[in-house]
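Observations on the three-dimensional arrangement
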Amino acid sequence: MSTELATPAAAVKSGLGGGGRSGWGAGSIRPVLIILVLLLVAVGIRQPDFYDPPVLLAFLKRAAPLIILAAGQYFVIVAGDFDLSVGSLVTAEVVIAARLIDGDPAATRPVIALLLGFGLLIGLVNGVVTTLLQVPSFITTLGMYLVLVGAVYTWTGGSPRGALSEEFRMFGRRGIDGVPVLGQLPYAVLVLAGVAVLAVLAMRSDFGKVLLAVGDNPRAARLAGARTARMRTIAFVVSGVCAAVAAILLGGFGGVSFQVGQGLEFTAITAVVLGGVVLGGGRGSVAGAMLGALTLQTLLTLLNLLGVSGALSSAVQGLIILAAVAVGTLRRRT
C-alpha cells in the first residue's frame, strides 16, 4: 500500500471523510430504504403480479441503466463535483454504435470496445479540465454536454443513421433462458450486479476512503498526502465508463434516437440525492445512490400505473431534489 493512500485513508477512519452510512444522519440509507419498501408495496397492490419473478426481473432490467448511471454519478458527486454530460454521452454512444455497426454482427465487439473507450476518454477530459484547468465541474460538463450534442447532430446530419445488430441489442433485450423459477435471467441484471459489486468494493477500499476525504475536505486531504486532482479525475472516468455501459443496455431496448439519453443526467443526480448522498461531497454511500435510482424508477412506475401524465415526471424529480437536499442539510447539521 502506498503512503499517499494510507495516510488519507487513516484520516477518513478518524472522521475526516466519513461516509455517514449508519444511523439517520447525513448519508444514511435508511430513509431511502423505507421509501423504497413503501413504494414497492404500493406497486404490488396496484399490480398484483409485480412480484412474480419474470415481472420483477423485467422491472430490474428496465431500471438497470439508470442505476448504473447513478453509481457513476455517485463517484463524481461524493468527490465534490457534478457530471452533466452523461445524458448526451449516452445519446452519442448509441448513435455512434448504430452508425458504425450498421447491422453488421461482426462489428459488434469492436464497437462495444470503442464505446467503452470513448466513455473513458470523455470522463478523462472532464476530469483534466476540471482539476488541472480549475474550471468548475458544472461548467466543464455542461460544455461537454453541448459539444457532444453538437458533434452528433453535425455528424449525422440531424438524423440517426445505421442500425444496431441483434448481437448488440441482446445485452438490453435478452438473457439466460431456462433458469429455474426465474425463467430468464436478463443480461442487463447480470451487468448491473457486476457494476454494483465493483462499485461497493471500490468504495470499501482505500480508494473509496480517500475519495470521501477529498469530497469532505479537499485541503485537509491534500495536506494528508492525497492526490486530489487524480482522485477527482478517476471519479469522472468512472462516470464516463458507467454512461457507456448504460448506453449499451439502453440501445438494446430503447432503440436509436436523439432522445435516448435526454434528461438522464438530471435523473441520475436526482437518484443520487434521493439515496442520501450529500451534494458538495464527502457523505453518502454508493449503495444508497443505487437504491435511490431503484426507488426513483419504482416511483415512476407507480405514477404510470396510476395513470399520472408522464409530463409530470420532471416536476416530481425537481421536488425530490429540493426535498432531499433540504432534508439532507438539516440532517447534516444535527
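The name given to the chain in an unreviewed UniProt entry is Autoinducer 2 import system permease protein LsrC, with Catellatospora aurea as the source organism. Its UniProt record, at the heading Subunit (unreviewed entry), says of the chain: "The complex is composed of two ATP-binding proteins (LsrA), two transmembrane proteins (LsrC and LsrD) and a solute-binding protein (LsrB)." As stated in UniProt under Subcellular location (unreviewed entry), the record for the chain gives "Cell membrane".

1. Overview of the pattern of salt bridges
Evaluation of the coordinates by the stated rule reveals two salt bridges. Where Arg232 meets Asp81, a salt bridge forms, and the shortest distance between an N and an O atom there is 3.0 Å. One end of the pair, Arg232, is in helix α11 (residues 228–254); the other, Asp81, is in the loop between α3 (53–78) and α4 (86–101), and 151 residues separate them in sequence. Of the residues examined, Asp81 reaches a relative accessible area of 6% and is grouped as buried. Between Arg174 and Glu166 there is a salt bridge, with its nearest N and O atoms 3.4 Å apart.

2. Structural notes on the pairing of strand β2 (residues 183–186)
A regular strand carries its side chains on alternate faces of the sheet. With four bridges connecting them, strand β1 (residues 175–179) and β2 associate as antiparallel partners. Of the residues in β2, the one forming a bridge with Val179 is Gly183. Hairpin remark: β1 followed by β2, antiparallel, with three residues in the connecting loop; positive phi at Val181, about 70°.

3. Some points on α3
Of all the bends in α3, the greatest reaches close to 45° and is centred on Ala63; the proline Pro65 follows between one and four positions later. Along α3, 19 of the 26 residues are buried, which leaves the element largely enclosed by surrounding structure. Gly80, located one to two residues past α3, shows a positive phi value of around 100°.

4. Focus: the packing of α4 against helix α6 (residues 137–156)
Helix-helix packing is characterised by the crossing angle of the two axes and by the distance between the axes. One can describe the packing of α4 onto α6 by two numbers: an axis separation of 9 Å at closest approach and a directional angle of 25°. Judged by the angle between their axes, α4 and α6 are roughly parallel. Where α4 crosses over α6, the handedness of that crossing is left-handed. Residues Ser88, Leu89, Ala92, Val95, Ile96, Arg99 and Leu100 of α4 touch α6, and the partners they reach there are Met144, Tyr145, Leu148, Val149, Val152, Trp155 and Thr156. For the contact of α4 with α6, the residue count by class is eleven nonpolar, two polar and one charged.

What counts and how
Residues numbered from 1 in each chain as written. Predicted model: local features only at pLDDT ≥ 70, side-chain atom pairs only at ≥ 80, totals over all residues. Heavy atoms only, no water. UniProt positions renumbered as here; feature names shortened; annotations may be inferred. Salt bridge = Lys/Arg side-chain N within 4 Å of Asp/Glu carboxyl O. Helix = DSSP H or I, 4+ residues; strand = E, 2+ residues; numbered from the N terminus. Buried < 20%, exposed > 50% of the residue type's maximum accessible area, 1.4 Å probe, protein only. Pairing = 2+ DSSP bridges. Bend = angle between axes of the 7 residues up to and from the residue. Axes fitted to C-alpha atoms, helices over the stretch in contact; angles between N-to-C directions. Parallel < 35°, antiparallel > 145°, perpendicular 65-115°, else oblique. Left-handed = near helix turned anticlockwise from the far one by under 90°. Contact = heavy atoms within 4.5 Å. Nonpolar A, V, L, I, M, F, W, Y, C, P; charged D, E, K, R; others polar.

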